[in-house]
Amino acid sequence: MPSLLEQIDRALSDGKLRADAAENIRQMLSSEENNFATRVIGELSQTNEWEELNDRFYKTLAFGTGGLRGRTIGKIVTASERGTPTALGRPQFPCVGTNAMNYFNVARATRGLLIYIQKWRSRQRMAGRPKIVIAHDTRHFSQEFARLAAETASANGCDAVVFDGPRSTPELSFAVRYLNADAGIVITASHNPPHDNGYKVYFSDGAQVVEPHASGIIAEVDKTGETGSVPSQKSRDDTEVVPAKGEIVTADDEIDRAYMGRLETLILNRGLMGRTRDLKIVYTPIHGTGGIIVKPMLRKLGLNFSVVSEQDKFDGRFPTVKSPNPENAEALNLGISLAQKENADLVIATDPDCDRLGVAVRTSSGEMKLLSGNQIGSLLAWYRAKTFFDLGILNKENASRGVIIKTFVTTDLQKAIAEKFGLRCVETLTGFKYNGAKLKKYEELTGMPNYRELPEEETRRLRLEKSSFYIFGGEESYGYSGADFVRDKDANAAVIMFCEVAAYAKSRGLRLNELLDGVFCEFGYFEEKNHSLYFEGADGAEKIRRLLISYDENPPRQMLDSAVTRVQNFEKQTIRDVDGDEIPKEKMLIFELADKTRIAVRGSGTEPKIKYYLFGARLPKNGKLSREELAHAKNEIGNRLNALWNWLEEDANQRLAK
């Protein structure tokens, strides 16, 4: 029988195995200290699962600007990986592969991060040991990966603060700032399928890393190998000095309490919440971390809520849904069923790491209707802007210091709201790390080194006097933020902010969809359609690359029956935001058509897909849209965007066929 290496060579020569996959397999077989990887690769080779081996080894899982994300359970699970399954049926071991979320890549990423932090601290002339905070969600292997990251940090002279159980991503962001840590790590793949996991990195400001830190960390991760470690120092007599082990500390509930205290400041009209006791809410954490903070916050605010019991259990299988993504209607089915049973006004759902919020609202006809991420964000932006003016915190004199931040692929309704209130609307690339970078700049402009320790009212005063006052930030993919004490999207915050909007609607005798229609009539009707084309595995990655190059090198001159009048190429053009800051380069294009419809195209940073964003709008001609004009606009723009997507999908298939 041929040896394993001979089988690899034969598969390569027969065209069954990619050259890059074969090279990575050979390197792993030559460097593996135990025979576990050899057994796994051997099992897949013996059963001729070359496509699986290609997907697992065609590249080394890239540590991008957002960290790592990939499969931790293979499409095919070998007997060695299955081992003794857990009580929930999870394999004993994560899948072997250079392109997988496993112990190898978690340790590699952590070592690279630590090397960068130590070099950064040295340049800053900072004494003492570095400190990182580590959190994890409820996914398969999340706890084990978090433990490995902490042990790797400790072994290399870094203190690690680890939560005693699952915690949300936004609480990790808060904790980095609260503890004045150098960095944070959260083990999560957010709303991805159960077989995925990920590793996200936050810097000392509590935001996901941006330049120059991003490139610096990536370079160190790329340089470190399986047996690499943080370099030891040399003493004066040239002997090796191994760094003393760092402490691993378990976080107590102090961080939870401090975080909840800040969340409470997001409520702008506490009396309103108390006057609407008949507002009925159904909440589901979809087997994730949300219930840890959301449930006590809703109780603290005195709100009338029920929880979907079947989904109020930590379970990385997410067994009650096809996808734990609150932007998918199916994920809210159990919540909607409970809402119908209890005649609730509102269903709110958070994803596994509780950074995204989905909503269903009861209409006047009694049905439960899902709101899009753009609609949820627009209601939040409108209500918070309006209420800050009602309270006198914002006025005509200081309005120009008020800021709403949105991504380029988020509805322009939020820009229209900002402009009508006299506020600035700052647009960023997709990813809340860019939102966090703006908040860091605004914080620095206050000139207060102890800014993060000041109470919310004091930071608000400083921002209004010296910098920019952050009113709201959102992205179409169901991520929202209402204050700068967290530097990422925050579904814990979004839940309580949206409950206040619901209480406001209830106090006015309105359903939430009626409140939204009122906003449309005032500012114009805006509708968006988001679609994706999925391409998994090594071949899929190549298709995504080819499509993006095709749009860049051969952009369409016409879409459907409308000419393309403008193309923004974010990779090649210099584009600045309203603050004058240059937008980082990214492979994204936005096409504007003669009929003012816009289409944005970009590759997903977290999933194997290419994303399309379609935007249509009808602005008021006489101050406001009438109800009849609004109904007509909804029908006309909806049909137009559907037809445009059909054209785009056919065009994409033709581009790939060339």
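Further up the page is the structure itself.
Here the structure is a predicted model, which is why all the values come from computation and not from measurement.

Participant: Hey, could you run me through the pairing of strand β21 (residues 588–593) in this one?
Facilitator: A regular strand carries its side chains on alternate faces of the sheet. Judged by how many residues are buried, β21 sits mostly within the fold: 6 of 6 residues are covered. Of the two faces of β21, the one lined by Met588, Ile590 and Glu592 and the one lined by Leu589, Phe591 and Leu593 are each fully buried. Here strand β20 (residues 562–569) runs beside β21; their pairing, made up of 5 bridges, is antiparallel. By the bridge assignment for β21, Arg566 is matched with Glu592. By the bridge criterion, 5 bridges tie β21 to strand β22 (residues 598–603) in an arrangement that is antiparallel. Within β22, the residue paired with Phe591 across the bridge is Ile599. In this structure, the hairpin formed by β21 and β22 is closed by a connection of 4 residues, where Lys596 is found at a positive phi of approximately 75°.

Participant: Explanation requested: the environment of Leu589 in the structure shown.
Facilitator: Inspection of the secondary structure puts Leu589 in strand β21. Once the C-alpha coordinates of Leu589 and Lys300 are considered, the two residues, 289 residues apart in sequence, prove to be 45 Å apart.

Participant: Hey, could you run me through the packing of aromatic side chains in this one?
Facilitator: For any pair of aromatic rings, the description consists of the separation of the ring centres together with the inter-plane angle of the planes. Scanning the model with the defined rule gives 19 aromatic pairs in all. Judged by centre distance (5.5 Å) and plane angle (80°), the ring pair of Tyr103 and Phe145 falls under edge-to-face. With a gap of 42 residues between them, Tyr103 in helix α6 (residues 103–123) and Phe145 in helix α7 (residues 142–155) connect regions that are remote in the sequence. For Tyr103, a relative accessible area of 32% translates into the label partly exposed. We note Arg90 situated over the ring of Phe141; from NZ or CZ to the ring centre the distance is 3.7 Å. The positively charged end of Arg598 is found above the aromatic ring belonging to Phe615, 4.5 Å away from the centroid.

Participant: Can you help me understand the packing of helix α14 (residues 373–390) against helix α18 (residues 491–507) in this one?
Facilitator: Geometrically, a packed helix pair is captured by the angle between its two axes and the distance between the axes. The geometry of α14 relative to α18 is characterised by a closest axis approach of 10 Å and an angle of 75° between their N-to-C directions. Between α14 and α18, the crossing angle belongs to the class labelled roughly perpendicular. The segment α14 lies against α18, with Ile376, Leu379, Leu380, Trp382, Tyr383, Arg384 and Lys386 engaging Met497, Phe498, Glu500, Val501 and Tyr504. Taken together, the residues of the contact of α14 with α18 break down into 9 nonpolar, no polar and 3 charged.

Participant: When you look at the environment of Leu17 in this model, what are you seeing that I'm missing?
Facilitator: Of note, Leu17 is situated in the loop between α1 (4–13) and α2 (19–31). Separated by 475 residues in sequence, Leu17 and Asn492 place their C-alpha atoms 46 Å apart. When sequence neighbours within four positions are dropped, the list of residues in contact with Leu17 reads Ile8, Ala11, Leu12, Ala22, Ile25, Trp50, Leu53 and Asn54.

Participant: What is the right way to read the environment of Val308 from this model?
Facilitator: Here Val308 shows up in the loop between β10 (304–307) and α13 (333–342). Residue class for Val308 comes out buried when judged on its relative accessible area of 1%. Residues Val308 and Val282, 26 residues apart in the sequence, show an inter-C-alpha distance of 7.2 Å. Leaving out residues up to four positions away in the same chain, Val308 has contacts with Val282, Tyr283, Thr284, Leu334, Gly335 and Leu338.

Participant: Teacher, can you tell me more about the sheet that holds strand β4 (residues 183–187) here?
Facilitator: The strands making up a sheet associate through backbone hydrogen bonding, with each pair oriented either parallel or antiparallel. The sheet built from 6 strands is open, its strands ordered β1-β5-β4-β2-β3-β8 with mixed pairing. Edge positions in the sheet fall to β1 (68–71) and β8 (248–251), since each of these pairs with one other strand and no more. Between one strand axis and the next, the sheet turns through 15° on average, direction left out of account. One ladder, built from 5 bridges, connects strand β2 (residues 131–136) with β4; its direction is parallel. Each bridged residue has a counterpart across the sheet, and for Ile132 the counterpart in β4 is Ala183. Against the sheet, α6 contacts β1, β2, β4 and β5 (196–203), and its axis sits at roughly 5° relative to β5.

Participant: Could you clarify how one ought to interpret the nonpolar core in this entry?
Facilitator: Buried together is how nonpolar side chains tend to be arranged in soluble globular proteins. Residues Leu346, Leu357, Phe498 and Tyr612 are the most contacted members of the largest nonpolar core, which totals 113 residues. Top contributing element to this core by residue count: α18, with 13 residues. Setting aside anything within four residues of it in sequence, one finds Phe498 in contact with Leu346, Leu357, Val359, Leu371, Ile376, Leu379, Leu380 and Leu512. In terms of nonpolar packing, the next biggest core, distinct from the first, is built from 36 residues, Ala107, Leu113, Ala149 and Ala160 among them.

Rules behind the numbers
Residues numbered from 1 in each chain as written. Predicted model: local features only at pLDDT ≥ 70, side-chain atom pairs only at ≥ 80, totals over all residues. Heavy atoms only, no water. Buried < 20%, exposed > 50% of the residue type's maximum accessible area, 1.4 Å probe, protein only. Helix = DSSP H or I, 4+ residues; strand = E, 2+ residues; numbered from the N terminus. Pairing = 2+ DSSP bridges. Phe/Tyr/Trp six-rings, centres within 6.5 Å; stacked < 30°, edge-to-face > 60°. Lys NZ or Arg CZ within 6 Å of the ring centre and 35° of its normal. Axes fitted to C-alpha atoms, helices over the stretch in contact; angles between N-to-C directions. Parallel < 35°, antiparallel > 145°, perpendicular 65-115°, else oblique. Contact = heavy atoms within 4.5 Å. Nonpolar A, V, L, I, M, F, W, Y, C, P; charged D, E, K, R; others polar. Core = buried A, V, L, I, M, F, W, Y, C linked by side-chain atoms within 4.5 Å.

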